[in-house]
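Remarks on the overall topology
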Amino acid sequence: MIDIKLLREDPDTVRASQRARGEDAGIVDQILAAEEQRRSSLTAYEQLRAEQKSIGKDVARAQGEEKQALLARTKDLSARVKELDASATAAQQEFDTLLKRVGNIIEPGVPSGGEDDYAVREIIGTPRDFAAEGFEPKDHLDLAEGLDALDMARGAKVAGSRFYFLKGVGARLEMALFNVAMQQAVAAGFVPMITPTLVTPQVMAGAGFLDAHADEVYRLEADDLYLTGTSEVALAGYHAEEIIDLSNGPIRYAGSSTCYRREAGSYGKDTRGIIRVHQFNKIEMFVYCDPADAAAEHERLLGWEQQMLANIEVPYRIIDTAAGDLGGPAARKYDCEAWVPTQGRYRELTSTSNCTTFQARRLGTRFRDADGRTQVAATLNGTLATTRWLVAILENHQQPDGSVVVPEALRPFLGLDVLTPTR
RNA sequence: GGAGGCGUCGCCUAGUCCGGUCUAUGGCGCCGCACUGCUAAUGCGGUUUGGGUUUAUCGCCCAUCGAGGGUUCAAAUCCCUCCGCCUCCGCCA
């Protein structure tokens, strides 16, 4: 949720942000009208309510006929107060509904447009030339099956399409990767967290995942809970309705969780292997900080992602996601995309978003600034490792015989230098 | 799953039985001022959060006693539902 004060004082910035996202700029005027309505009906209610309370005190003191007269008056008043209360509540709801439809104000410099209008910020490393090496690279599924590291067929048997078993060295590789990620996070001062993967509707909505992403989310109707698609959700809810202490700098959490995504509307896309699956694991960085520090913290998160990507030694690029592809809560988003040789293109491995105060405002997470006043905190998130990283590791480090060289940084955690095919 | 107890503005706590004078008591902590050679002690004042009004301030008003409903002219207080914590019983990885 954006700041109504900003919308009131600088509606043009909000309109420009909406246009860059390809969304309705006209909503700004609707909100201003609804806000006007909200305030006037609230004032009307409060005035009458004050009168009612004041007469209430007289009632308590009065006796006999005087008391009866006051009671008659205040009975009538009571009914009118109820009416005004109802209309003030309705105006507030109308206003809230409209305000929640506005995405976060994009940061200056974010490219306008949709999914394909990203700007490439940097390209790191060079893809291997398999032709020059004299062999055709296998895709991650062929490699993993050769290593007996992945069982898609039985995943489908047990849970349906887009489910899988990581097996043997596949399971070990993921655990090694996650251990490296957690070790790095702890060294950087992050507090490790293993989070709930089921959350209440309030938390899911507060984190911003019931707006545009509602189709993506699994819901457990019998219990009125949602399965989270990232530990960001639980970590955003962690300090909901709290005033947190940021006087010692940002609070940084490294969340580890299984992630669940319905992948609705992606039928036929990425059906091979574990690029796009309903369930995977992830280590996620999540930060609460002073909004004034948020842009700098965003760069730091990107830096930690890059440090982690360097550990797996794959070529990748960094893109500055276009406004229309940001999702509601993000003001800016950088994705790191690794080169996938058999696809001849870059695929997302990490994503770091600066949500500024958007999430925290809705969740009620505030801090005390230097003047002792409460202010809405900023939240940011970024990926440190996911199951999908295995795709990039396997494909980029494969050898002609189907074996895979283990990146140096993973070896101490995996206990293997090379993964060798079993068939 | 069953029975009982509890939930008050940072922490502790009074108030709930019996609705109105609660503008929620007191202590601790914290902040400011005064006093003091310094510290301590002492005294005085302040100290939930959100919103409205005004906006340079002061101020005034509304809401907030776990959450949401209800009864009533009036609810921390009475009723209902839910949540959380504690104790006991039952069941079970």
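Residues numbered from 1 in each chain as written. Chains lettered and ligands numbered in written order. Predicted model: local features only at pLDDT ≥ 70, side-chain atom pairs only at ≥ 80, totals over all residues. Heavy atoms only, no water.

Another aspect to go through is helix α8 (residues 169-187). For α8, spanning 19 residues, the distance from its first C-alpha to its last is 26 Å, which sits close to the expected 27 Å at 1.5 Å a residue. Turning to α8, its buried residues are Val169, Gly170, Leu173, Glu174, Ala176, Leu177, Phe178, Val180, Ala181, Met182, Gln184 and Ala185. At the C-terminal side of α8, glycine 189 shows a positive phi close to 100°. (Helix = DSSP H or I, 4+ residues; strand = E, 2+ residues; numbered from the N terminus. Expected span 1.5 Å × (residues − 1). Buried < 20%, exposed > 50% of the residue type's maximum accessible area, 1.4 Å probe, protein only.)

Before going further, it helps to examine the pattern of salt bridges. Overall, the coordinates contain 25 salt bridges when judged by the stated rule. One salt bridge connects aspartate 224 with arginine 219, and the closest N-O pair in it is separated by 3.2 Å. Glutamate 408 is the salt-bridge partner of arginine 411, the closest N and O atoms lying 3.6 Å from each other. One salt-bridge network, in which partners are shared between bridges, spans Arg8, Glu35, Glu36, Arg38 and Arg39. (Salt bridge = Lys/Arg side-chain N within 4 Å of Asp/Glu carboxyl O.)

Along the chain, lysine 333 turns up in strand β12 (residues 332-340). Buried charge without a salt bridge: lysine 333, with aspartate 335 as the nearest opposite-charge side chain at an N-O distance of 4.6 Å. A polar atom in the side chain of lysine 333 sits 3.4 Å from the backbone oxygen of aspartate 325. If we skip the residues at most four places from it in the chain, lysine 333 touches His298, Ile319, Asp320, Thr321, Asp325, Leu326, Ser351, Thr352 and Ser353. (Lys, Arg positive; Asp, Glu negative; His and termini not counted. Polar contact = N/O pair within 3.5 Å; in protein donor to acceptor, adjacent residues only side chain to side chain. Contact = heavy atoms within 4.5 Å.)

In the vicinity of RNA strand B, 21 residues are found, and the nearest of them are Arg38, Arg49, Lys53, Arg368 and Thr374. Within 4 Å of the protein, the contacting atoms of RNA strand B are 73% sugar and phosphate, with bases supplying the remainder. Between glycine 56 and RNA strand B, the recorded distance is 3.4 Å, taken from a backbone N or O atom to a base nitrogen. Residue threonine 74 places a side-chain N or O atom 3.0 Å away from a sugar or linking oxygen belonging to RNA strand B. For the surface near RNA strand B, the elements supplying multiple residues, two or more each, are α3 (27-61), α4 (64-100) and β14 (366-368). The class makeup of the residues in the surface near RNA strand B is seven nonpolar, six polar and eight charged. (Near = heavy atom within 4 Å. Nonpolar A, V, L, I, M, F, W, Y, C, P; charged D, E, K, R; others polar.)

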